[in-house]
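Topology and contacts: notes
So the chains spell out like this:
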Amino acid sequence: MNGQKGGILSLYFRTNLLLRIFVGLILGAIFGMIFENSQSFIEILTPFGELFVRLLKMIMVPVIVCTLIVGTSSISPSHLGRVGIKIIVFYLFTSLFAIIIGLFVGNVLEPGVGLELAKDVTGVAKQAEAPSLVKILLDIIPTNPFGSIAKGDVLPIICFCIFFGIALAFCRDSKDENVKNAADVMFLFFEGMSSVMFKIVGWVMQYAPIGVFALIFIVFSKNGAQAFGPLANVTISVYVGLLLQVVCVYCVICLFLKLSPFVFLKKVRPPMVTAFVTRSSGATIPVSMQTLEKSMGVPRSIFGFTIPVGATINMDGTTIYLGVCAIFIANVVGAPLDFSAQLTVVLTAVLASIGTAGVPGAGAIMLLMVLESVGLKVEGAVAIAYGMILGIDAILDMGRTSMNVVGDVIGSVAVAKSEKELNEKVWNS
């Protein structure tokens with residue numbers, strides 16, 4: 001009996017991890033549809049799914065701190081400046097295309113046209129106010145870095161770690177031997193801690209197939225076919241936009257970099273699938289970093305900076321979602337958006353994405369801000385339409401979060417290639 005158990009466990013660990021995750025994904029969807037609205041099964045499986053998300057979030061902040069400090073302190077300040085400028089320009093570039101694609105798909109497919117909601121329907125009004133640019137910039141600076149780390153506030157953590165890493169880089173280059181030696185010890189500490197955290201990442205990912213099964217089961221059991229019924233058009237529109245982003249933006253960037261887009265799509269699957277099922281770009285940071293280092297040949301000095309920053313300010317999938325859903329809601333309440341209103345959507349989406357953490361459901365909060373910015377107060381018929389979107393938000397959130405993470409990964413690859421630091425032997429392996 002013991003030998004049989006050992007054999008099953010051995011087979012489990014020998015099987016390709018990605019294959020195990022996909023099997024968990026497929027089985028979770030199938031059984032979720034079979035046992036639709038089964039509260040007993042949902043209650044049983046919820047802790048297993050929550051455990052997976054909590055494990056990823058447990059390692060998120062330590063991984064950010066270690067890799068960002070190691071990344072910023074292992075390169076010269078001038079190099080760090082180039083990397084920072086390149087990745088920010090890249091993220092702005094891809095986000096701009098994502099917004100254009102989202103609005104283009106919304107205008108062509110016209111989700112919501114033909115679905116009428118009575119304008120006198122009363123609903124609960126919700127207020128959302130887009131934060132001012134000044135507030136967003138001030139909130140990036142932590143008043144208490146350790147408090148930010150304890151609360152998991154990603155932007156202030158990134159800001160402090162960048163300052164710390166740059167200072168450590170200067171100290172490592174110091175002509176004072178005492179300062180240099182102390183800084184080298186500090187660097188080795190964070191480098192060793194980073195290695196330890198990536199070992200834990202490997203352990204957590206062994207549990208991923210079980211966590212994926214539980215999470216997908218719950219989504220499909222709660223939503224079932226109804227999630228794709230009345231809102232099939234908006235769901236299809238969002239995913240068409242996401243597909244266009246991959247084909248027309250990311251694959252073209254690969255070709256421009258003289259890298260195979262097929263290799264990229266193959267290697268990016270682990271973080272893509274993890275983001276899809278966890279709905280958290282922040283929780284997927286460890287998986288993205290591991291994929292970049294082990295499968296794509298991107299050095300830690302690059303992805304240690306680009307991935308944490310991208311998980312916070314780069315939201316290509318979310319901007320596509322915002323464009324499509326804003327047009328959907330405007331259509332169903334009989335107030336289609338004109339060109340100026342769509343420009344407002346673009347500006348609000350970019351501004352909101354900068355200050356929105358990569359956590360599950362963040363896009364739904366941003367959608368409130370976008371609707372308010374174009375004069376669609378979330379009350380009455382608009383509140384009903386917004387509620388319809390929330391009914392399938394989990395399904396939309398999986399797709400947009402997955403695309404956010406893919407955008408972070410391709411950005412890291414592009415910067416590494418431009419800096420001539422991409423290990424193409426690892427990339428082609």
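Keep in mind that what you see is a predicted model, and the values were worked out from it rather than measured.

1. Topic: the overall build of the protein
- Assigned secondary structure in the protein consists of 20 helices and zero strands.
- Burial statistics for the protein: of 429 residues in total, 52% are counted as buried.
- Within the protein, contacts between residues at least 6 apart in sequence are counted, and of these 85% link residues at least 24 apart.
- About 19,100 Å² of surface is accessible on the protein, with carbon and sulfur atoms providing 69% of the total.

2. Topic: the nonpolar core
- Among the nonpolar cores identified, the biggest contains 116 residues, and Phe52, Phe264, Met296, Val298, Ile329, Leu367 and Ile389 are the most heavily contacted of them.
- Counting residues per element, this core draws most heavily on helix H19 (residues 393–418), which supplies 13 residues.
- The residues contacting Ile329, other than those within four sequence positions of it, are Leu367, Leu371, Val382, Ala385, Tyr386 and Ile389.
- Core analysis: the next-biggest nonpolar cluster, separate from the first, contains five residues, Leu45, Ala214, Phe217 and Ile218 among them.

3. What about the packing of aromatic side chains?
- Under the criterion given, the structure shown has 11 aromatic pairs.
- Each ring, one from Phe52 and one from Tyr207, has its centre 6.4 Å from the other, and the planes form 55 degrees; the classification is tilted. Taken together, the positions of Phe52 in helix H3 (residues 39–73) and Tyr207 in the loop between helix H8 (177–206) and helix H9 (208–223) put the pair 155 residues apart, joining distant regions of the chain. You'll find Phe52 and Tyr207 in the same group, each marked buried.
- Plain terms: the ring middles of Phe160 and Phe164 are 6.1 Å apart, the flat faces sit at 45 degrees to each other, and that makes the pair tilted. In this pair, Phe160 and Phe164 are both assigned in helix H7 (residues 154–172), four residues apart and thus about one turn of the helix distant.
- Judged by relative accessible area, Phe160 falls into the partly exposed class, the value being 27%.
- Assessed through its relative accessible area of 28%, Phe164 is described here as partly exposed.

4. Structural notes on a nonpolar patch on the surface
- A cluster of nonpolar residues, Leu19, Val23, Ile26, Leu27, Ile30, Phe31 and Ile34, forms a patch on the protein surface that exposes about 600 Å² of accessible area.
- Relative to the assigned elements, Leu27 resides in helix H2 (residues 17–34).

5. A closer look at the side chain of Ser95
- Assignment of secondary structure puts Ser95 in helix H4 (residues 77–109).
- Of the residues examined, Ser95 reaches a relative accessible area of 11% and is grouped as buried.

6. Section: the environment of Ser301
- Structurally, the position occupied by Ser301 is in helix H14 (residues 300–313).
- Under the relative-accessibility criterion, Ser301 is labelled buried at 11%.
- With 231 residues separating them along the chain, Ser301 and Val70 place their C-alpha atoms 6.9 Å apart.

7. Some words on the packing of helix H10 (residues 232–256) against H19
- At a closest axis distance of 10 Å, the pairing of H10 and H19 adopts a crossing angle of 10 degrees. On the basis of the axis angle, H10 is roughly parallel to H19. Here H10 contributes Thr235, Val238, Tyr239, Leu242, Gln245, Val246, Tyr250, Ile253 and Cys254 to the contact with H19, which in turn contributes Ile395, Leu396, Met398, Gly399, Arg400, Met403, Val406, Gly407 and Ile410.
- For the contact of H10 with H19, the class distribution of residues is 13 nonpolar, four polar and one charged.

8. Some thoughts on the confidence of the model for the protein
- The predicted model of the protein averages 80 in pLDDT, with 83% of residues at 70 or higher.
- Here residues 1–5 is modelled with pLDDT under 50, and outside its nearest four sequence neighbours on either side it reaches zero contacts, counting other chains as well.
- Low pLDDT, under 50, characterises residues 118–130; the predicted model gives this stretch 28 contacts beyond four residues in sequence or across chains.

9. Focus on the environment of Glu293
- Tracing the sequence through the fold places Glu293 in helix H13 (residues 285–294).
- Overall, the relative accessible area of 23% leaves Glu293 in the partly exposed class.
- Taking the C-alpha atoms as reference points, Glu293 and Trp427, 134 residues apart in sequence, are found 9.7 Å from one another.
- A distance of 2.9 Å separates the side chain of Glu293 from the side chain of Arg300, its partner in a polar contact.

10. Re H19
- Here H19 contains 26 residues, and its C-alpha end-to-end distance of 37 Å stays within 8% of the 38 Å for a straight helix at 1.5 Å per residue.
- Counting buried residues in H19 gives 24 out of 26 residues, a clear majority hidden from the surface.
- Looking one or two places after H19, you find Lys420, whose phi comes out positive at around 60 degrees.

Calculation rules
Residues numbered from 1 in each chain as written. Predicted model: local features only at pLDDT ≥ 70, side-chain atom pairs only at ≥ 80, totals over all residues. Heavy atoms only, no water. Helix = DSSP H or I, 4+ residues; strand = E, 2+ residues; numbered from the N terminus. Buried < 20%, exposed > 50% of the residue type's maximum accessible area, 1.4 Å probe, protein only. Contact = heavy atoms within 4.5 Å. Areas by Shrake-Rupley, 256 points an atom, 1.4 Å probe, with all protein chains shown as cover. Core = buried A, V, L, I, M, F, W, Y, C linked by side-chain atoms within 4.5 Å. Phe/Tyr/Trp six-rings, centres within 6.5 Å; stacked < 30°, edge-to-face > 60°. Patch = residues over 30% accessible without salt bridge, like charges linked within 9 Å, V, L, I, M, F, W, Y side chains within 5 Å. Salt bridge = Lys/Arg side-chain N within 4 Å of Asp/Glu carboxyl O. Axes fitted to C-alpha atoms, helices over the stretch in contact; angles between N-to-C directions. Parallel < 35°, antiparallel > 145°, perpendicular 65-115°, else oblique. Nonpolar A, V, L, I, M, F, W, Y, C, P; charged D, E, K, R; others polar. pLDDT = per-residue confidence, 0-100. Polar contact = N/O pair within 3.5 Å; in protein donor to acceptor, adjacent residues only side chain to side chain. Expected span 1.5 Å × (residues − 1).

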